[in-house]
Amino acid sequence: MSVAEADQRFMQEALAEARRAAACGEVPVGAVVVRDGVVVARGANAPVGRCDPTAHAEIMALREAAQVLGNYRLPECTLYVTLEPCLMCAGAIQHARLGRVVFGASDPKTGACGSVVDMFAEARLNHHATVYGGVCAEESAALLRAFFAERR
């Protein structure tokens, strides 16, 4: 399987998590952490239900991955997330030393991988994950649009 095919496959897994978040009334963002071609952790947005501002999909997936793998450092892992990570999530990604981040839709309001700021391009920081955006971007954006249209 090519890298592009793998990215599509794992982003579909993240989209399933986003749909799970939406079904719970949360903003539909989902994430999975993959190591050696295997999903080791999943996360769905849950800040409302958990009354926790840090319960973003990325954070939930990173927490689970660290527990499953027995280490908070995840350099051999890739995070797939349906929406460009915010600064908080980008900071967690950096601290986990993730090797790669793949996201779906860009976030022009809070995106920290190039849309508003690009944390991983900041030379003064000590870790720089490889970031690749736009995988299943339209499907990811459509979930978000439908969610917010329903609430207006």
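Use the structure listed above.
Description of the structure in this document. (Residues numbered from 1 in each chain as written. Predicted model: local features only at pLDDT ≥ 70, side-chain atom pairs only at ≥ 80, totals over all residues. Heavy atoms only, no water.)

Turning our eyes to something else, we now look at helix α3 (residues 57-69). End to end, α3 covers 18 Å across 13 residues, agreeing with the expected 18 Å (1.5 Å per residue, within 8%). Turning to α3, its buried residues number three or more, namely A57, E58, I59, M60, A61, L62, A65 and A66. For α3, the elements touching its buried residues are β1 (30-35), β2 (38-44), α2 (47-50), β3 (77-83) and α4 (87-96). Phi for G70, located one or two positions after α3, is positive at around 70 degrees. (Helix = DSSP H or I, 4+ residues; strand = E, 2+ residues; numbered from the N terminus. Expected span 1.5 Å × (residues − 1). Buried < 20%, exposed > 50% of the residue type's maximum accessible area, 1.4 Å probe, protein only. Contact = heavy atoms within 4.5 Å.)

A word on the packing of helix α1 (residues 3-23) against helix α5 (residues 137-151). At their nearest, the axes of α1 and α5 sit 11 Å apart, and the two run at 5 degrees to each other. The pairing of α1 with α5 is recorded here as roughly parallel in orientation. Between α1, through Q12, L15, A18, R19 and A22, and α5, the contact on the second element is made entirely by E139, S140, L143 and F147. Looking at the contact of α1 with α5, its residues break down into five nonpolar, two polar and two charged. (Axes fitted to C-alpha atoms, helices over the stretch in contact; angles between N-to-C directions. Parallel < 35°, antiparallel > 145°, perpendicular 65-115°, else oblique. Nonpolar A, V, L, I, M, F, W, Y, C, P; charged D, E, K, R; others polar.)

The subject of this paragraph is the sheet that holds β1. One open sheet accounts for five strands, arranged β2-β1-β3-β4-β5; its pairing is mixed. Where the open sheet ends on each side, the last strands, each with one partner, are β2 and β5 (130-133). For this sheet the average axis-to-axis angle between neighbouring strands, irrespective of direction, equals 15 degrees. As judged from the six bridges shared by β1 and β2, these two strands associate in the antiparallel manner. When the sheet's bridge partners are listed, V33 is paired in β2 with A41. Packed on one face of the sheet, α3 meets β1, β2 and β3 and runs near 140 degrees to β2. (Pairing = 2+ DSSP bridges.)

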